[in-house]
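Remarks on the overall topology
What follows is each chain in one-letter form.
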Amino acid sequence: MSTFLSKNLLKKVFSLLSVVRGYNILVLIVAQYLAAIFIFSPENSIQKVIFDPHLLCIVIATVCVVAAGYIINNFYDVKVDQINRPLKTGIDNIVKQETKLNLYFFLNFTGFSCSFFVSWKAAFFFSVYIFGIWFYSHKLKKTPFIGLLSATILTILPFFVIFIYYKNFSKIIFVHAIFLFLVIMVRELIKDLENMKGAIANNYKTFSVVYGEKKTKQLSITLLISTLIPIAFLFNLPALSAMKYYFYLALVTLLFVGVYLWNSTQRNQYRTLHNTLKILLLIGVFCLVFIDTSLLLEKVIDRLH
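A count of helical and extended segments in the chain gives 16 helices and zero strands. A globule of 305 residues ought to have a C-alpha radius of gyration of about 19 Å, and the chain, at 20 Å, matches this closely. When its C-alpha atoms are laid out on the principal axes, the chain stretches across 55 × 50 × 40 Å. For the chain, the residues scored as buried account for 47% of the 305 residues in total. Sequence-distant contacts, at least 24 apart, represent 78% of the contacts inside the chain between residues at least 6 apart. In the chain, which carries 29 positive and 13 negative side-chain charges, the distance between the mean positions of the two groups comes to 8 Å.

By secondary structure assignment, the location of Ala68 is in helix α4 (residues 53–76). Take Ala68: its relative accessible area is 0%, and that puts it in the buried class. Each C-alpha atom, one on Ala68 and one on Ile50, is 24 Å from the other, the two residues being 18 residues apart in sequence.

Look at helix α12 (residues 207–226) against helix α13 (residues 228–235): their axes get within 5 Å of each other, and the N-to-C directions meet at 10 degrees. When the axis of α12 is compared with that of α13, the two are roughly parallel. Within the contact between the two elements, α12 uses Leu224, Ile225 and Ser226 and α13 uses Leu228, Ile229 and Pro230. Here the contact of α12 with α13 is built from residues that sort into five nonpolar, one polar and no charged.

What follows covers the packing of aromatic side chains. The description of an aromatic ring pair uses the distance of the two centres, along with the angle that the planes make with each other. Considering all chains together, one arrives at 19 aromatic pairs under this definition. On the numbers, 5.2 Å between centres and 70 degrees between planes, the contact of Tyr104 with Phe105 is edge-to-face. Classification of Tyr104 as buried rests on a relative accessible area of 7%. On the numbers, 6.1 Å between centres and 35 degrees between planes, the contact of Trp134 with Phe135 is tilted. Given a relative accessible area of 27%, Trp134 falls into the partly exposed group. The structure contains a cluster of three or more aromatic residues connected by ring pairs, namely Phe125, Phe126, Tyr129 and Phe160.

On to unusual backbone geometry, then. Even without being glycine, Arg21 reaches a positive phi, approximately 55 degrees. Structurally, Arg21 is set in the loop between α1 (2–19) and α2 (22–40). Here the phi dihedral of Asn203 falls at roughly 60 degrees; this positive angle occurs in a residue that is not glycine.

Summarising the element assignment, Thr253 is placed in helix α14 (residues 244–262). The contacts of Thr253, once residues within four sequence positions are left out, are Thr276 and Leu280.

Right, let's get into a nonpolar patch on the surface. Judged by side-chain polarity, Phe112, Phe116, Trp120, Phe124 and Val128 come together as a nonpolar surface patch covering roughly 580 Å² of accessible area. For the nonpolar patch, the secondary structure elements donating two or more residues are α7 (97–118) and α8 (120–138). Among the elements that take part in the nonpolar patch, α8 stands out by supplying three residues, more than any other. Note that Phe124 resides in helix α8.

What counts, and where the lines are drawn
Residues numbered from 1 in each chain as written. Predicted model: local features only at pLDDT ≥ 70, side-chain atom pairs only at ≥ 80, totals over all residues. Heavy atoms only, no water. Helix = DSSP H or I, 4+ residues; strand = E, 2+ residues; numbered from the N terminus. Rg over C-alpha atoms; globule rule 2.2 N^0.38 Å. Buried < 20%, exposed > 50% of the residue type's maximum accessible area, 1.4 Å probe, protein only. Contact = heavy atoms within 4.5 Å. Lys, Arg positive; Asp, Glu negative; His and termini not counted. Charge placed at Lys NZ, Arg CZ, Asp CG, Glu CD. Axes fitted to C-alpha atoms, helices over the stretch in contact; angles between N-to-C directions. Parallel < 35°, antiparallel > 145°, perpendicular 65-115°, else oblique. Nonpolar A, V, L, I, M, F, W, Y, C, P; charged D, E, K, R; others polar. Phe/Tyr/Trp six-rings, centres within 6.5 Å; stacked < 30°, edge-to-face > 60°. Patch = residues over 30% accessible without salt bridge, like charges linked within 9 Å, V, L, I, M, F, W, Y side chains within 5 Å. Areas by Shrake-Rupley, 256 points an atom, 1.4 Å probe, with all protein chains shown as cover. Salt bridge = Lys/Arg side-chain N within 4 Å of Asp/Glu carboxyl O.

Structure, rendered in structure tokens:
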């Protein structure tokens, strides 16, 4: 009997991790701390950043709110996902919808409480963020331009809150944010192409549904070409240091994405492109440590002492 209960509990935990996309949450935590250490607060030691209680509260608040966002998105998209992702939907549905909603409210409350510990401004930011995620999941994602724009903004906002916390307004951060914005928007467009079948069946007016595959590809390629502007600007900044090699990789990858996208017609091809951009963004997260190699050495030496 105990073995059965253990297996059942394990299934439910795995189901919840699937719903909240535990892998994405883990990457988000790493990304926020690496950004804080190597970009937003380069003058502070690693130890000081990691053990900053306010930063910890911001990270916890972000994780809770983003996880809650995945839950509410899963709740509203259950019919779409049954068509587009039947296997994942089966795993997600191991846990009852009532349990998911209770967890949704608990996570949002926890996130808001942690942000309130930082400041009332942080609490206000996360209140707006919580509402924004709900409104996107409920209404905005069913519209073409606004849905695309809001999805991109909501994805990049967790880094914006760290940016505001440290009040670091350097050029490299601003230009890097533009690059990320463009790549994430292309990823969202490709995701629209990948999920067209479910969107059409459930009357979602996404960009690809309203304007068709050809125009979605044209916009995606235009955005890919636009990434050359922030990349060229970043190459002229000495502070980029060894991270320039990441942007060389990005150039090759984005060229591949553009060519392959134009010739793609099948859902599995769009999935390949979507995953390619996810991997590129993931590599970018870990390459943050190379944004200033002299700074990296200083922080390591400081940590050893």
